[in-house]
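Architecture at a glance
The chain contents come next:
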Protein chains: 2
Amino acid sequence: MQVKEWKKNIRTVVPYIPGEQPKEENVIKLNTNENPYPPSKKVMDKLKEIENLRLYPDPSAKLLVDEIAKHFHVNSNQVFVGVGSDDVLAMAFLTFFNGKNPIFFPDITYSFYDVWAELFRIPYEKQALDSEFRIKKEDYYKENGGIIFPNPNAPTGIGESLVFIEDIVKHNQDSVVIIDEAYVDFGGESAISLVEQYENLLVVQTFSKSRSMAGMRIGYAIGSETLIQAMQNVKYSFNSYTMNQPSISLGVESLKDQTYFEETVKKIINTREWFGEELKKLGFEFPNSKTNFLFVTHPIYSAKDMYEKARKERIYVRYFEKPRIDNYLRITIGTEEEMKALLTFFKKYMEIR
Amino acid sequence: MQVKEWKKNIRTVVPYIPGEQPKEENVIKLNTNENPYPPSKKVMDKLKEIENLRLYPDPSAKLLVDEIAKHFHVNSNQVFVGVGSDDVLAMAFLTFFNGKNPIFFPDITYSFYDVWAELFRIPYEKQALDSEFRIKKEDYYKENGGIIFPNPNAPTGIGESLVFIEDIVKHNQDSVVIIDEAYVDFGGESAISLVEQYENLLVVQTFSKSRSMAGMRIGYAIGSETLIQAMQNVKYSFNSYTMNQPSISLGVESLKDQTYFEETVKKIINTREWFGEELKKLGFEFPNSKTNFLFVTHPIYSAKDMYEKARKERIYVRYFEKPRIDNYLRITIGTEEEMKALLTFFKKYMEIR
């Protein structure tokens with residue numbers, strides 16, 4: 001049979017597979033790094049006041065952009081907002097990575113980077129983490145078409161210092177360097193303080209983790225006016241009205257409640273530290289985490305088997321069937337109660353084998 | 001001065017300029033084809049019940065997809081949803097228009113088509129409308145890499161029959177043909193009935209106009225399973241979680257209130273017909289509209305001047321400084337009261353000149 005011409009013109013991609021979103025109730029969901037606490041009460045109160053849905057949202061999302069700018073002490077023309085940090089990162093790939101040289105990112109990292117590179121046909125080259133899952137900065141000192149990595153890195157949870165980040169930026173004045181700080185609020189050091197000095201540095205953050213608003217899809221980038229303007233131009237050529245009206249309003253409210261933000265972040269950090277100690281008692285090993293998850297392995301027990309058995313008990317953690325990390329579990333830090341349930345599962349699992 | 005390497009790698013685009021969104025209160029806003037009536041009460045009631053914003057939305061937006069499928073009597077795997085029809089159309093361009101032949105669309109049409117073509121570097125060729133702003137279907141019978149046009153067309157407001165559309169699809173079995181039906185509910189004939197028969201036909205609609213939900217950003221495409229699957233793959237490679245949780249929930253509620261939908265659509269059609277008669281009395285000329293706007297010109301008075309003077313009176317209509325249509329105004333149909341205010345303006349304008 002002859003393949004129709006229009007079928008040949010379809011863009012073929014290997015789609016990203018998002019973490020499982022179980023539809024049943026009463027599960028313990030520690031697989032997609034969501035925040036166990038609800039958003040600020042200010043956010044939920046504002047939701048009830050929303051009106052005028054018949055009108056297009058402000059395409060520039062000015063209220064939200066201004067609030068983010070105020071929060072980080074930058075100018076509004078240094079802020080770009082999008083539908084989650086995935087939207088922001090996709091726009092950044094499309095805007096900045098148009099050179100002939102390959103872009104660089106770690107071999108173990110956020111699984112979307114190679115997906116975007118494939119989608120937009122951007123040449124790329126993965127740089128291997130060292131045996132302790134650390135980024136080797138010297139690997140990024142070769143000629144390249146751009147650099148991107150998360151700090152703290154995912155799924156390892158390891159955070160590098162500002163000095164380390166600045167070194168990479170300094171060595172790459174000819175590339176756009178993107179630091180993906182989805183998890184930075186849980187103990188990492190942000191590179192936002194460097195954007196005044198480095199016109200080629202873009203820092204991306206999100207409301208999905210530390211601000212408990214994954215359901216609203218709000219991400220943003222902070223960088224030089226030049227970078228932000230270029231992204232705006234591409235965004236306006238793609239979809240002028242990306243942020244819907246509730247996202248704009250609720251994002252603003254979240255930023256206004258700094259006390260709640262700090263409280264919940266602190267609670268999660270405390271739970272992580274306590275849970276980590278408990279895991280060590282069970283023989284688990286993991287790098288020091290600056291995020292809201294732990295990336296754990298066990299010298300005796302199989303990660304895949306534990307993942308599958310936990311799933312049967314309605315406890316969801318994340319397992320990646322990928323080279324180098326196929327004996328690891330990425331465990332989101334939930335409430336203390338949820339972590340206790342997981343510890344109980346592990347104890348039971350280890351006894352019954 | 002030497003231009004830095006990273007600046008050379010920035011994608012250069014001519015961004016789309018969205019219609020003005022005036023920030024002051026008490027304006028009569030007839031410039032971006034919004035619905036003058038609020039969304040269904042069911043939608044507003046549901047908004048107040050939203051919770052669990054801390055969780056990621058369902059990436060497949062299953063509840064909304066299923067409700068759309070039910071509404072149009074198609075299968076759920078024939079429905080794609082996105083952040084407004086702009087998002088859906090951008091994904092369709094990226095997915096389907098990867099051939100060497102130029103894609104075709106009218107010279108006078110939705111201003112985003114050439115913007116997307118430029119953004120994704122897709123070759124394109126505009127086909128001129130005839131002197132009465134009608135699409136000449138024979139122009140679309142040449143070899144091409146894809147076809148897209150709105151039906152009813154914008155900004156002309158002219159709707160073509162289903163027979164006309166089918167003729168174009170029939171003659172283009174080697175191309176993906178996209179019919180952009182943003183305005184179809186105001187009197188047009190939808191091509192959704194043809195998707196079973198033509199695997200290469202994609203129909204795109206939106207909640208922004210007839211469903212009064214521009215502020216929520218909900219668009220969708222209906223087509224064969226092959227087309228929808230290909231779009232899903234690209235979408236999952238771009239941003240898995242595009243539809244935020246409120247959009248999914250509120251979209252479902254809107255579809256459930258068919259009575260309100262029909263009532264408001266009918267009101268707008270009635271206002272359009274009455275307003276059109278009044279405009280004719282003032283000497284305006286315009287094609288028969290199947291949309292929620294009229295595309296008007298006057299043999300004596302300058303469109304640009306009327307646009308500017310109306311603006312000073314806080315009445316916003318749309319003016320395009322483009323070849324062939326630079327003496328036209330696109331006027332959204334608002335409430336009867338709003339249209340009366342515009343008529344009063346026109347009468348005053350014509351007397352005082």
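Anyway, here's the lowdown on the structure attached to this text. Each chain carries its own residue numbering, running from 1 in the written order of its sequence. Going through the entries in the order they are written, you letter the chains from A and number the ligands from 1. Given that this is a predicted model, residues contribute local features only at a pLDDT of at least 70 and side-chain atom pairs are listed and counted only at 80 or more, while totals for whole chains, interfaces and linings are drawn from all residues. Note: side-chain values were computed over all heavy atoms of the structure, leaving out hydrogens and water.

**Thoughts on the overall build of chain A**
- When helices and strands are counted, chain A shows 11 helices and 11 strands.
- Here chain A has a C-alpha radius of gyration of 21 Å; the compact-globule value for 353 residues is 20 Å, and the two agree.
- For chain A, the C-alpha atoms occupy an extent of roughly 60 × 60 × 50 Å along the three principal directions.
- The buried label applies to any residue whose accessible area, calculated with a 1.4 Å probe on protein chains only, is under 20% of its type's maximum; exposed applies above 50%, and partly exposed to all values in between. Counting every position in chain A, which comprises 353 residues, the buried fraction comes to 63%.
- When checking whether two residues touch, look at their non-hydrogen atoms; a contact exists if any pair is within 4.5 Å. Put simply, 73% of the contacts in chain A that link residues at least 6 apart link residues at least 24 apart.
- We count Lys and Arg on the positive side and Asp and Glu on the negative side, and we leave His and both chain ends out. Lysine's charge is taken at NZ, arginine's at CZ, aspartate's at CG and glutamate's at CD. Side-chain charges of chain A comprise 45 positive and 50 negative groups, with the mean position of each set lying 5 Å from the other. Under the scheme used here, helices are H or I runs from DSSP no shorter than 4 residues and strands are E runs no shorter than 2 residues, and both carry numbers assigned from the N terminus. When we talk radius of gyration, it's over C-alpha atoms, and the globule rule is simply 2.2 Å times the number of residues to the 0.38.

**A closer look at the pattern of salt bridges**
All names here are of chain B.
- Each salt bridge in this description consists of a side-chain nitrogen of Lys or Arg and a carboxyl oxygen of Asp or Glu lying within 4 Å of one another. Enumeration according to the criterion identifies 40 salt bridges over all chains in this entry.
- Measuring nitrogen to oxygen at the nearest pair gives 3.7 Å for the salt bridge that ties Glu-67 to Lys-70. In this pair, Glu-67 and Lys-70 are both assigned in helix α3 (residues 62–72), 3 residues apart and thus about one turn of the helix distant.
- Assessed through its relative accessible area of 14%, Glu-67 is described here as buried.

**Some points on the sheet that holds strand β10 (residues 315–319) of chain B**
Residues and elements named next belong to chain B.
- Note: two strands are recorded as paired if DSSP finds a minimum of 2 bridges between them. Pairing is mixed in the open sheet, where 4 strands are placed in the order β1-β10-β11-β9. Every other strand in the sheet has two partners, leaving β1 (28–30) and β9 (293–297) as the edge strands with one partner each. Pairs of neighbouring strands in the sheet enclose a mean axial angle of 30°, with direction left out of account.
- Here an axis means a line fitted to C-alpha atoms, over the contact stretch when the element is a helix, while the angle between two N-to-C directions is reported on a 0 to 180 degree scale. Packing against the sheet, helix α9 (residues 258–281) makes contact with β9 and β11 (328–332), and its axis sits at approximately 10° to β9.
- On the sheet, helix α10 (residues 303–312) packs against β10 and β11 and is oriented at approximately 155° with respect to β10.

**Notes on the relation of the copies chain B and chain A**
- If you rotate chain B by 180° and push it 0.0 Å along the axis, it lands on chain A with an RMSD of 0.0 Å. Expressed as a symmetry operation, the mapping of one chain copy onto the other fits a two-fold axis. Relative to the rotation axis, the closest C-alpha in chain B is found at B:Lys48, a distance of 2.5 Å. Residues reaching a pLDDT of at least 70 in both copies supply the C-alpha atoms on which the copies are superposed by least squares.

**Considerations on the pairing of strand β6 (residues 177–180) of chain B**
Residue and element names in this part refer to chain B.
- A two-sided burial pattern is seen for β6, the buried positions comprising Val-177 and Ile-179 on one face and Ile-178 and Asp-180 on the other.
- Summarising the sheet, strand β5 (residues 147–150) and β6 pair through 4 bridges and their orientation is parallel. Each residue of the ladder has a partner; that of Ile-147, found in β6, is Val-177.
- If the strands point away from the viewer and the path from the first strand over the helix to the second runs clockwise, then the crossover is right-handed. Once the chain exits β5 it traverses helix α6 (residues 162–170) before rejoining the sheet at β6, and the crossover so formed is right-handed.

**Focus: empty space enclosed by the protein**
- Note on definitions: the grid is 1 Å and covers protein atoms alone; a cavity is a set of points where a 1.4 Å probe fits but cannot get out; a pocket is an open set with protein on both sides within 12 Å along at least five of seven lines; lining residues have an atom within 4 Å of a point. Grid points are joined across faces, edges and corners, and a volume is the space filled by probe spheres set on the points. The tally for this structure, following the rule as stated, stands at 10 cavities of 30 Å³ or more.
- Computed from the structure, the largest cavity encloses a volume of approximately 380 Å³.
- Lining the largest cavity are 28 residues, and of these A:Tyr56, B:Tyr16, B:Tyr110, B:Tyr183 and B:Lys209 lie nearest its centre.
- Of all the elements, helix α4 (residues 84–96) of chain B adds the most residues to the lining of the largest cavity, at 4 residues.

**What to know about the nonpolar core**
- Of all hydrophobic cores here, the largest spans 101 residues; its most connected members are A:Leu64, A:Leu201, B:Leu64, B:Ile68 and B:Leu201.
- Counting residues per element, this core draws most heavily on α3(B), which supplies 5 residues.
- Residue contacts for B:Leu201: discarding those within four places in its chain leaves B:Val169, B:Val177, B:Ile179, B:Ala191, B:Leu194, B:Val195, B:Ile222, B:Gly223, B:Ser224 and B:Leu227.
- Within this scheme, the nonpolar core is defined by two criteria: the residues are buried Ala, Val, Leu, Ile, Met, Phe, Trp, Tyr or Cys, and they are joined through side-chain atoms within 4.5 Å. In terms of nonpolar packing, the next biggest core, distinct from the first, is built from 72 residues, A:Met91, A:Ile122, B:Trp6 and B:Ile148 among them.

**Thoughts on helix α4 (residues 84–96) of chain A**
- Under the 1.5 Å per step criterion, the end-to-end length of α4(A) is 19 Å for 13 residues, consistent within 8% with the ideal 18 Å.
- The buried fraction of α4(A) amounts to 13 of the 13 residues, a majority that puts the element mostly inside the structure. Between the first and last residue of a helix there are one fewer steps than residues, each counted as 1.5 Å, and that sum is the expected span.

**A few points about the interface of chain B and chain A**
- Taken together, the contacts link 83 residues of chain B with 84 residues of chain A.
- Summing both sides of the interface, chain B and chain A together bury roughly 6,900 Å²; the carbon and sulfur share of this comes to 60%.
- The tally of links between chain B and chain A comes to 2 salt bridges.
- The salt bridge involving A:Glu199 is made with B:Lys7; its shortest N-O contact spans 3.3 Å.
- Where the side of chain B that touches chain A is concerned, the elements lending two or more residues are α1 (5–8), α2 (41–47), α4, α5 (112–119), α7 (225–238) and α8 (245–256) of chain B.
- Three residue categories are used. Nonpolar comprises Ala, Val, Leu, Ile, Met, Phe, Trp, Tyr, Cys and Pro, charged comprises Asp, Glu, Lys and Arg, and polar comprises the others, including Gly. Per-class residue counts for the side of chain B that touches chain A are 42 nonpolar, 23 polar and 18 charged. When two components associate, each loses some accessible surface as probed by a 1.4 Å sphere; the sum of these losses over both components is called the buried area.

**Things to note about the environment of B:Lys4**
- When you line up the elements, B:Lys4 lands in the segment before α1.
- Sequence separation between B:Lys4 and B:Asn31 is 27 residues, and the spatial gap between their C-alpha atoms is 41 Å.

**So, the environment of B:Tyr183**
All names here are of chain B.
- Here Tyr-183 is to be found in the loop between β6 and β7 (201–206).
- Taking the C-alpha atoms as reference points, Tyr-183 and Glu-125, separated by 58 residues in sequence, lie 24 Å from one another.
- For Tyr-183, the residues in contact, after removing those within four places along its chain, are Asn-33, Pro-152, Ala-154, Lys-209, Lys-290, Thr-291, Asn-292 and Phe-293.
- At 2.7 Å, the side chain of Tyr-183 and the side chain of Asn-33 are in polar contact. Here a polar contact is recorded for every N or O atom pair within 3.5 Å, except that within protein the pair must consist of a potential hydrogen donor and a potential acceptor, and residues adjacent in sequence are included only if both atoms are side-chain atoms.

**What about the side chain of A:Asn33?**
Residue and element names in this part refer to chain A.
- Structurally, Asn-33 can be placed in the loop between β1 (28–30) and α2 (41–47).
- Classification of Asn-33 by relative accessible area gives buried; the value is 1%.
- Separated by 2.7 Å, the side chains of Asn-33 and Thr-332 make a polar contact.
- With near-sequence residues (within four places) excluded, Asn-33 lies in contact with Tyr-183, Lys-209, Asn-292, Phe-293, Arg-330 and Thr-332.

**Things to note about unusual backbone geometry**
- With an omega of -5°, the peptide bond running from A:Asn151 to A:Pro152 counts as cis.
- With respect to the secondary-structure elements, A:Pro152 resides in the loop between β5 (147–150) and α6 (162–170).
- Following B:Ala154, the chain continues into B:Pro155 via a peptide bond in cis, with omega recorded as 5°.
- Mapping B:Pro155 onto the fold places it in the loop between β5 and α6.
- Positive phi, normally seen in glycine, also occurs at A:His73, with a value near 55°.
- Positionally, A:His73 belongs in the loop between α3 (62–72) and β2 (79–82).
- The backbone phi angle of B:Arg121 is positive, close to 55°, even though this residue is not glycine.
- For B:Arg121, a relative accessible area of 54% translates into the label exposed.

**Thoughts on the packing of helix α7 (residues 225–238) of chain A against α5(B)**
- Two numbers describe how α7(A) lies on α5(B): the axes approach to 8 Å, and their chain directions differ by 130°. As far as their axial angle goes, α5(B) and α7(A) are oblique. Contacts between α7(A) and α5(B) involve A:Val234, A:Tyr236, A:Ser237 and A:Phe238 on the former and, on the latter, B:Phe112, B:Val115, B:Trp116 and B:Leu119.
- Looking at the contact of α7(A) with α5(B), its residues break down into 7 nonpolar, 1 polar and no charged. Working definition: roughly parallel below 35 degrees, roughly antiparallel above 145 degrees, roughly perpendicular at 65 to 115 degrees, and oblique for all remaining angles.

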